[in-house]
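# A closer look at the structure
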Amino acid sequence: MKQESTYSYKYQGGSLSANDPTYVKREADDELYQSLSTGKFCYVLNSRQMGKSSLRVRTMKKLQANGIACAAIDLTATGSQVTSEQWYKGIAYRLFRSFGSSIEIDWKQWWRTRNFLSGVQRLSEIIDEVLLESISENIVVFIDEIDSVIGLDFPTDDFFAFIRSCYNQRADNPKYNRLTFCLLGVATPSTLIEDKRRTPFNIGKAIELKGFQLEEAKLSLVKGFANKIDNPEKILVEVLLWTGGQPFLTQKLCQLVIDTETKNPNISQLVKKQIIDNWEAQDEPEHLRTIRDRLLHDKQRSVILLELYQRIYYQGKIETSNSYEEVELQLSGLVVKQQAKLRIANPIYKEIFNQNWIDKQLTSFWFFQQEWKELDTETRLPPSTTYLAQLLGCCVILLLICGISLLSAYYWSGSEIWIQKFGEYGSLIKFIRSFFVLIIYFYIVGIVWRKETLDILQSQSKSAKICRFVGIFASTLVFLILINQLFIVAPERLQAEYGNNHQNFRDYYLPYILFFPYTFILHVIVAVPFGIISIYTAFQDYNQSLQTTIKLNYRLKEIENNINLFERNTYPIITTIKQNYTKYSWLFINNIAPYKSLLIIIEFLRIFEVQYGLKTMLPSGQRWTIFAYFLSLICCFVIIIWNFSLYQQAFTKTSYCLSKLQTDTSQFELENSVFKILLKIINYQFNIYLIIILLIFNVFAIFTNS
């Protein structure tokens with residue numbers, strides 16, 4: 001028969017009572033009591049289930065027995081889905097409840113009459129006007145579970161700044177020497193005030209809460225083995241060797257020992273069978289899963305913490321530098337600091353969180369290394385109103401110049417021959433063209449490709465310098481061609497066509513001189529820069545797609561190589577792959593969308609030119625315009641197909657990887673096929689109805705020409 005125990009080891013969670021026989025008095029007990037008795041601010045910040053709350057209960061009772069007024073505030077009891085007002089009111093309520101017999105006021109009425117003050121100001125007034133005036137004894141306020149403030153929807157910097165101000169008040173107001181605070185929780189002092197512009201929370205004395213030592217533990221824990229276990233002290237030594245003195249594990253293993261049917265239990269077998277084997281299922285009440293979840297909950301930091309823990313696992317112990325990651329690892333409880341070195345807290349943790357477990361987690365988090373920044377669509381702030389106004393202003397000014405140039409060339413100083421050649425409405429057609437071209441230019445270059453434009457103008461990279469050189473060279477070349485065409489070739493052709501051999505400056509040369517600002521704007525200011533920026537952006541986008549695809553394929557390959565690590569639980573890694581592939585596909589869509597928009601824009605302009613614009617040009621200009629539009633269309637198609645080839649590679653690789661994980665890929669392939677992505681691209685930014693209208697225009701143009 002299993003022997004029933006009358007001596008229960010408490011490991012079910014929560015705090016032990018002040019007189020509990022299993023409470024193990026540690027060095028921290030005397031240190032905390034002495035510090036608070038002498039008025040020192042203290043904080044006990046350690047991992048969970050290390051006995052902080054039990055230490056608080058015992059210390060509080062001892063202080064009260066020595067005439068010190070005490071209050072305990074558990075911040076988890078104030079709730080997490082509360083407003084700032086409710087939160088501070090909850091703290092005030094617990095203060096009044098703790099000291100109710102010493103305070104003769106209606107605290108609710110007191111709180112309401114000061115509703116013009118903020119919550120932290122009212123809390124400060126309670127301390128100053130009520131507690132320190134009504135209570136003559138020294139006061140110690142314990143604030144437990146301070147890490148629960150992390151989940152609140154409002155900042156709590158003011159609360160910890162208030163505690164700091166109580167400490168600072170001691171220099172000016174002697175009554176504050178009677179007030180002391182003790183903070184307990186799973187946090188670090190540096191994280192209590194998040195606003196780095198404020199003075200950090202660096203007051204008070206840190207109380208280090210270590211695991212049970214043999215001489216401390218045997219005074220309380222050996223009693224439970226009496227008449228049940230042979231050689232109780234030896235068994236306790238073995239228990240502490242396995243638990244490293246961790247309070248929760250020590251109490252739990254002691255209870256498992258007295259629940260066995262033998263007086264000489266094998267502790268190693270007991271630990272392996274009852275704690276290590278199938279540990280996730282046997283971890284009741286939860287302890288090991290708490291450690292695991294603290295390590296893995298923050299995907300931004302998990303890989304760093306795991307790699308740090310891996311170093312400690314391999315080397316046994318490492319020198320500590322007190323970095324943020326090292327402190328976080330200590331707060332998980334997985335490692336402890338001894339003599340300026342970090343080591344794993346106990347053999348149980350080392351057996352459970354072993355190299356296989358580390359490898360599995362690192363592989364599972366492979367997609368989250370570096371936060372997958374290369375697969376995040378770049379966050380671009382929308383242009384400011386001032387910036388948009390400046391763009392629009394430039395566009396209006398250039399349009400005015402174009403309009404004046406056209407009007408003067410056609411009517412004000414132009415000739416009948418000019419109008420006869422290029423039509424009475426030639427100026428209007430050219431103005432409509434310039435309007436569309438300038439608006440599109442400023443939209444694409446000024447808004448869509450704003451970053452790339454600034455890169456070319458400001459960056460010192462080799463590619464940007466080449467683009468600037470090519471831009472200057474091309475602009476100069478186009479400028480010289482324009483001068484030759486407008487001032488030499490075109491007037492002579494016009495003169496030859498109308499059979500007038502006289503050098504009539506007004507009829508043949510002056511209109512082209514007046515027409516020059518219009519052509520200069522559309523070619524040198526718009527066409528050349530647009531071409532340079534388009535080429536630069538296309539290569540940048542392709543390079544980004546290429547690099548992202550390479551990284552994605554590399555990570556998928558790593559998962560394939562470590563497929564055995566996911567045999568028991570494939571769901572998380574499958575979900576991760578699908579989520580990040582969705583992120584990859586949206587990055588692809590973002591890269592392609594501008595070129596799809598350009599295709600639509602160029603086709604609209606081409607139709608306009610065929611129907612109206614070419615009538616205002618000489619034959620050479622007509623041929624060049626048609627060539628330029630078709631070349632632009634072909635380039636856009638090439639860029640899109642170029643990127644689609646990369647997408648197809650990633651799609652095939654991901655589908656194969658998912659199939660290796662024994663999952664049905666039919667739904668994934670249906671949702672992410674090239675055809676589906678093409679539909680998303682068509683509907684992205686430009687509505688599909690616009691494309692339908694474009695097709696109708698094309699059909700109409702064909703029938704009109706025929």
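Up top you'll find the structure we're talking about.
The notes below deal with the structure included here.

## With respect to the packing of aromatic side chains
Scanning the model with the defined rule gives 42 aromatic pairs in all. An angle of 45 degrees between the planes, with centres 5.8 Å apart, marks the rings of Tyr93 and Trp107 as tilted. On the criterion of sequence distance, the pair formed by Tyr93 in helix H3 (residues 84-98) and Trp107 in helix H4 (residues 107-112) is long-range, its members being 14 residues apart. Using a relative accessible area of 34% as the deciding quantity, one classes Tyr93 as partly exposed. What makes Trp107 buried here is its relative accessible area of 12%. Seen from their ring centres, Phe479 and Phe516 are 6.0 Å apart, and the 75 degrees between their planes marks the pair as edge-to-face. Highlighted residues: Phe479 in helix H21 (residues 462-497) and Phe516 in helix H22 (residues 505-561), separated in sequence by 37 residues. Classification of Phe516 as buried rests on a relative accessible area of 15%. In this structure an aromatic cluster arises from ring pairing among Phe41, Trp87, Tyr88, Phe154, Phe159, Phe160, Phe162, Tyr167 and Phe181. For Lys62, the ring lying beneath its charged end belongs to Tyr33, and the centroid distance is 4.4 Å. It is Arg450 that lies over the ring of Tyr387; its NZ or CZ is 5.4 Å from the centre.

## Some points on helix H13 (residues 302-315)
For H13, with 14 residues, the first-to-last C-alpha span of 20 Å sits near the 20 Å given by 1.5 Å per residue. Residues Ser302, Val303, Leu305, Leu306, Leu308, Tyr309, Gln310, Ile312 and Tyr313 constitute the buried set of H13.

Parameters and conventions
Residues numbered from 1 in each chain as written. Predicted model: local features only at pLDDT ≥ 70, side-chain atom pairs only at ≥ 80, totals over all residues. Heavy atoms only, no water. Phe/Tyr/Trp six-rings, centres within 6.5 Å; stacked < 30°, edge-to-face > 60°. Helix = DSSP H or I, 4+ residues; strand = E, 2+ residues; numbered from the N terminus. Buried < 20%, exposed > 50% of the residue type's maximum accessible area, 1.4 Å probe, protein only. Lys NZ or Arg CZ within 6 Å of the ring centre and 35° of its normal. Expected span 1.5 Å × (residues − 1).

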